[in-house]
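For reference, the chains in residue letters:
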Amino acid sequence: MERLTVDVAIIGGGIAACSAAVALREAGLTVALLEKRLCGGGASGVNFGGVRQQGRDFSELPLSRRARVLWDGLGAKLAEDVGFEATGHIKLARSESDMAVLEAYARDAAEYGLDLQLLGANALRAEMPWLGPAVVGASLSPTDGQANPRVVGPAFARLARRLGAEVREHAPVRHAAHDGAGFTVEAEGVSVRSRSLVNAAGAYGGAVAGWFGEAAPVAPLSPNMVVTEPLPHLVTRSIGVVGGDVYVRQTRRGNVVLGGGRGTADSVDGLARPVSATSLGAMDKTLTLIPDLAHAQVIRSWSGLDGEMPDHIPVIGLSASTPGLVHAFGFSGHGFQLGPVVGEILAELVTQGRSASPLHPFRIERFAAWRGPYRSEGEIEH
Amino acid sequence: MSEPVPAEPTLAIVGAGPAGLRAAQVLTEAGLRPILLDEGHRAGGQIYRRPPPGAERPAAALYGFEAGRAQALHDLADALASQIDYRPDTMVWGIAPRAPFGFDLDCLGPRGHERIAVDRLVLATGAMDRTLPFPGWTLPGVFTLGAAQIALKAQGMAIGRRVALVGAGPLLPLVAHQYAKAGATLAAVLDVTPLGAKVTAVPRLALLPGTLAKGVWYTVAGALRGLPVRSGVRAIAVEGGRQVEALTWDDARGRRHRVACDAVGASFGLRSEAQAADLAGCRFVFEPVTRQWQPERSPEGRASHPHVYLAGDGSGIGGADVAELQGERTALALLADLGRPRDAAREARLDRRLARHAGFRAALDAAYPYPHHLVDGIGDDEIVCRCEGITAGTLRRAATERDAREMNRLKALTRAGMGRCQGRVCGHAAAEILARTLAVPVETVGRLRGQAPIKPIPLREPV
């Protein structure tokens, strides 16, 4: 059994956890990160790859705005081509009532400094003549875009290692506790003593919070994804719809990724799997948006396990029960874009006890009175 | 049996080659009516592939040594057609466990998408060629040996006018023999395994029963017919601008040779097509002689999953004769698990024959080892994953610079195995390259997880 003593132990190896390890090392603290499988291989690595501010809960927009700045320099910082391209994110309306939703959102988002352009049917077709007849209008966020989720988490983990963090993969955490003097984290093959503890355990974040007497109802969430063979470039922007039942983007390589609906999440083996009926449904919905894809071949489907909170926004902040414990989990299907800034925020919380970003909506105490389990359903907006 | 079994269980067999057909036969003998799902237009599998109607040729010309067995299988398929729910031209592209037990099969066939609920599953999914990259291997005109054979059996044509064949398994002399017999011009027949391995194996190979001896028989017959067969060759390379123009190699003494040709058939043994077993939730084990992961199979054909049965090359390379025996044996195991009366003598007879074949197979595998040593000769610029255009150098750098220690992580970082074939073509070579780069045994880098669809499906449902 390896024994480590560090300033900060981190449970989890997703982008939030790994970027926290980087930020904490940059702040001069010693760090041990414990990941049950491989860093960046969970929800961080198998998500849609949207780098999107548009459509977020307004409480997330300040964080998302701050994160967006980081994405411009992320490739250089990580020394990895993360595939980030500001293709814009366009949210489509399939009815007049959808359009009203987009108009209201654009108005309110402007107060957060997010500039959205509303497009009527004519303007939209002038730019994207390949859209199907069901689409009546859209809201465009030109500064949003997309990236390759598979490489971002692992690249953060490598940077954390280069900066001196102790990163342990295949080290599932069995238990963590505070004994009055500090934290003890027991993982497979390694035991860590630390002054501070970061809970970035994703779908398992609620369980970790529970070890410290804090309620946080996290439901497993497994977005269902499908991808086509590489195709000539057609889908110029990352596409979402009002209602969130389908979302589509085309990668630099040419593959069209389409998501929508849910796979199955097996909380026993911790793996999520796609559901073929859901895949076929997303394929149908994609065709109504982009009829030209009719002859494309689908080559793969997948899912990943994320944690979803009842109010669809994450828990980020200091523990209400245990000094030195900091939470960041339950990103509810939209943590990828936020990941890089969450690391910075976690480092601020550990080193200063406060963050430059407004975190009040994400406090764990909002679930203090929550009783019983929580089961999530419905669409995930993209 | 501890769990309730429906009175009329729905049974599905995937694959209508030798294994699947024999399994179907046993189940119909027991009064059951299994669903037989097959990607092929006509039953027979790869080895006994039948030409499309109207393009038939005599069995002796098509199947040579195995004409009798091919004919018997085809006759069986025709006889079974009315006793089973036979679905040709149907691809099983997804398999999902169903509560409380059984599976949902996602199928794409002539009637479009269909979801079929089954209680038990016999997987007889066969095998495909294993490839290894060499200079020029992606040029038009380079085929696998299996594809060269399919061209001959299904379409009655050779892959070129002047054909060079390269291989590392019994398929090489077999295809050479079939091509020579069909009148094709063979520019070269090159075995990358050393002749020594076959000489060492001869005492054991001499014990082979009838058809298992045919690899050796073809070697001898081929040599007798004056075919340009060479063993222990290295540094295979295909030359050509837009298509194959020549093949070059080093002989066992290191001398370079070159022959002009317009097509090359090259592959290096067989790999189990095991994605269906993977999606069904079967446990896999590493088979060290042929260096591949295969679904775990009991001697009677039971998979680790209690409702999945395995037969044929899809769960361990044994060849067509073994596949027939396994198909029969695993169907008997299935019937036993359903509580049907057992024929102990028949089971014992099959078990004895299968045990004998297993010993012979070990000798055959020793005669034709998977030439993983060739991996070291793959240049950094060589494309390994042809779907995505990923080079050996990219894979090696992912291991040395990007912490790739395992196949799925290698895929995530480099895109190797992420294309149309999902790593069915490049997976073995990529694993060998990763393992060699890390200096670890190849089994430690794992295997690519199967993902639906097993093969591509159209975004729009065909109608």
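Residues numbered from 1 in each chain as written. Chains lettered and ligands numbered in written order. Predicted model: local features only at pLDDT ≥ 70, side-chain atom pairs only at ≥ 80, totals over all residues. Heavy atoms only, no water.

Attention shifts here to the overall build of chain A. For chain A, the count of helices and strands is 9 helices and 22 strands. In terms of C-alpha radius of gyration, chain A reaches 20 Å, essentially the compact-globule figure of 21 Å for 382 residues. For chain A, the spread of C-alpha atoms along the principal axes amounts to about 65 × 45 × 40 Å. Across the 382 residues in chain A, those meeting the buried criterion constitute 60%. If you take every contact in chain A between residues at least 6 apart in sequence, the share linking residues at least 24 apart comes to 74%. Entry remark: accessible area of chain A is about 13700 Å², with carbon and sulfur atoms responsible for 54%. Averaged over its 35 positive side-chain charges, chain A has a centre that lies 4 Å from the centre of its 39 negative ones. (Helix = DSSP H or I, 4+ residues; strand = E, 2+ residues; numbered from the N terminus. Rg over C-alpha atoms; globule rule 2.2 N^0.38 Å. Buried < 20%, exposed > 50% of the residue type's maximum accessible area, 1.4 Å probe, protein only. Contact = heavy atoms within 4.5 Å. Areas by Shrake-Rupley, 256 points an atom, 1.4 Å probe, with all protein chains shown as cover. Lys, Arg positive; Asp, Glu negative; His and termini not counted. Charge placed at Lys NZ, Arg CZ, Asp CG, Glu CD.)

All names here are of chain B. If you trace the 3 strands from one edge of the open sheet to the other, you get 13-14-15, paired in antiparallel fashion. At either margin of the open sheet sits one strand with a lone partner, and together these are strand 13 (234-239) and strand 15 (256-260). With strand direction ignored, the average angle separating the axes of adjacent strands in the sheet is 15 degrees. Two elements, strand 13 and strand 14 (residues 246-250), share 4 bridges in a ladder whose sense is antiparallel. Directly across from alanine 237, in strand 14, lies its bridge partner threonine 248. (Pairing = 2+ DSSP bridges. Axes fitted to C-alpha atoms, helices over the stretch in contact; angles between N-to-C directions.)

Moving on, we get to the side chain of Ser139(A). All names here are of chain A. By the element assignment, serine 139 lies in strand 6 (residues 137-141). Of note is the side chain of serine 139, whose polar atom sits 2.5 Å from the side chain of glutamine 54. Ignoring any residue separated from it by four or fewer positions in sequence, one finds serine 139 in contact with Gln54, His89, Ile90, Lys91, Leu102, Leu116, Gln117 and Leu118. (Polar contact = N/O pair within 3.5 Å; in protein donor to acceptor, adjacent residues only side chain to side chain.)

Another aspect to go through is the pairing of strand 4 (residues 91-97) of chain B. Residue and element names in this part refer to chain B. The buried fraction of strand 4 amounts to 5 of the 7 residues, a majority that puts the element mostly inside the structure. Where strand 4 and strand 5 (residues 103-109) come together, 6 bridges link them in antiparallel fashion. Bridge assignment links isoleucine 95 to a residue of strand 5, and that residue is leucine 105. Where strand 4 hands over to strand 5, the hairpin turn is made up of 5 residues, of which glycine 102 adopts a positive phi near 105 degrees.

Moving on to unusual backbone geometry. Residue and element names in this part refer to chain B. A cis amide bond links alanine 99 with the next residue in sequence, proline 100, at an omega value of -5 degrees. Within the fold, proline 100 resides in the loop between strand 4 and strand 5. Alanine 452 connects to proline 453 through a cis peptide bond whose omega is -5 degrees. If you trace the backbone, proline 453 turns up in the loop between helix 13 (427-438) and strand 23 (457-458). At aspartate 403, a position not held by glycine, the phi torsion is positive, near 65 degrees.

This part is about the domain arrangement of chain B. As assigned here, chain B comprises domain 1 (11-128 + 271-342), domain 2 (131-268) and domain 3 (378-445). Computed over C-alpha atoms, the centres of domain 1 of chain B and domain 2 of chain B are 29 Å apart. (Domains from an automatic or database assignment.)

So, on to the side chain of Gln294(B). All names here are of chain B. Tracing the backbone shows glutamine 294 in strand 19 (residues 292-295). Its relative accessible area of 5% is what places glutamine 294 among the buried residues. Of note is the side chain of glutamine 294, whose polar atom sits 3.0 Å from the side chain of serine 272. With sequence-adjacent residues up to four places away left out, glutamine 294 is seen in contact with Ser272, Arg283, Phe284, Val285, Glu287, Ser315, Gly316 and Ile317.

Below, the discussion takes up helix 11 (residues 392-401) of chain B. For helix 11 of chain B, the full list of buried residues reads Ala392(B), Gly393(B), Leu395(B), Arg396(B), Ala398(B) and Ala399(B). If you follow the buried residues of helix 11 of chain B, they end up packed against strand 21 (383-385), strand 22 (390-391), helix 12 (407-414) and helix 13 of chain B.

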